[in-house]
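Here's the letter readout for the chains.
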Amino acid sequence: LSGKAMRKALEEIGIQPKNNNERKELKVLCEEIGVVGGDFFTFCFEAVSRARSLLRASREVAMRQDFIFYDADKSGRLDDEECVRILSKTYLWNLDSEGQARMKKQFERVLRDLEEPGKDGIDF
């Protein structure tokens, strides 16, 4: 696969850049892998893994900044109230009251599954 074809294949399986910086980094990665021979196995076992790692690292900084912003009590953990604030600001504003109630109920279930026994809130 060429670098361009590799980028297209990554996008088809859901590995997509969200901004210009990610787009450039992914392009460089695909061109680098394409130079050494971008066959199917290289794509599956190297390109996919490295692209996921690259995007994860790129997005971690922004996610950590958001985490710190919403951690109002600066405890290093997001309690239920802080998590609900994220949900409200991000998703609930465009739902009707029934949709909001269903979303909150499901969100509370997910929070319970993520919390560590004996600890209050969710760690980054």
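My aim in this report is to walk through the structure given alongside it, one point at a time. (Residues numbered from 1 in each chain as written. Predicted model: local features only at pLDDT ≥ 70, side-chain atom pairs only at ≥ 80, totals over all residues. Heavy atoms only, no water.)

1. Some words on the packing of helix α1 (residues 3–12) against helix α2 (residues 20–35)
Put simply, α1 and α2 touch, their axes get as near as 8 Å, and they point 120° apart. What the angle tells us is that α1 and α2 run oblique. Seen from above, α1 lies across α2 with right-handed handedness. Where α1 approaches α2, its residues Gly3, Met6, Arg7 and Leu10 are matched on the opposing element by Leu26, Lys27, Cys30, Glu31, Ile33 and Gly34. Each residue belonging to the contact of α1 with α2 can be placed in one class, and the counts come to 5 nonpolar, 2 polar and 3 charged. (Axes fitted to C-alpha atoms, helices over the stretch in contact; angles between N-to-C directions. Helix = DSSP H or I, 4+ residues; strand = E, 2+ residues; numbered from the N terminus. Parallel < 35°, antiparallel > 145°, perpendicular 65-115°, else oblique. Left-handed = near helix turned anticlockwise from the far one by under 90°. Contact = heavy atoms within 4.5 Å. Nonpolar A, V, L, I, M, F, W, Y, C, P; charged D, E, K, R; others polar.)

2. Here's the deal with the nonpolar core
Among the nonpolar cores identified, the biggest contains 14 residues, and Met6, Leu10, Ile15, Leu29, Phe43 and Ala51 are the most heavily contacted of them. Looking at this core, the elements with two or more residues in it are α1, α2 and α3 (40–70). The element contributing the most residues to this core is α3, with 6 residues. Ranked by size, the runner-up nonpolar core spans 6 residues in total, among them Phe67, Tyr70, Leu78 and Leu111. (Core = buried A, V, L, I, M, F, W, Y, C linked by side-chain atoms within 4.5 Å. Buried < 20%, exposed > 50% of the residue type's maximum accessible area, 1.4 Å probe, protein only.)

3. Quick word on α2
The end-to-end C-alpha separation of α2 is 23 Å, in line with the 22 Å expected for 16 residues at 1.5 Å each. Where α2 is buried, its residues meet α1 and α3. The N-cap of α2, judged by a side-chain oxygen 3.1 Å from the amide nitrogen of Asn21 a few residues on, is Asn19. Positive phi appears at Gly37, one or two residues downstream of α2, with a value of about 110°. (Expected span 1.5 Å × (residues − 1). Polar contact = N/O pair within 3.5 Å; in protein donor to acceptor, adjacent residues only side chain to side chain.)

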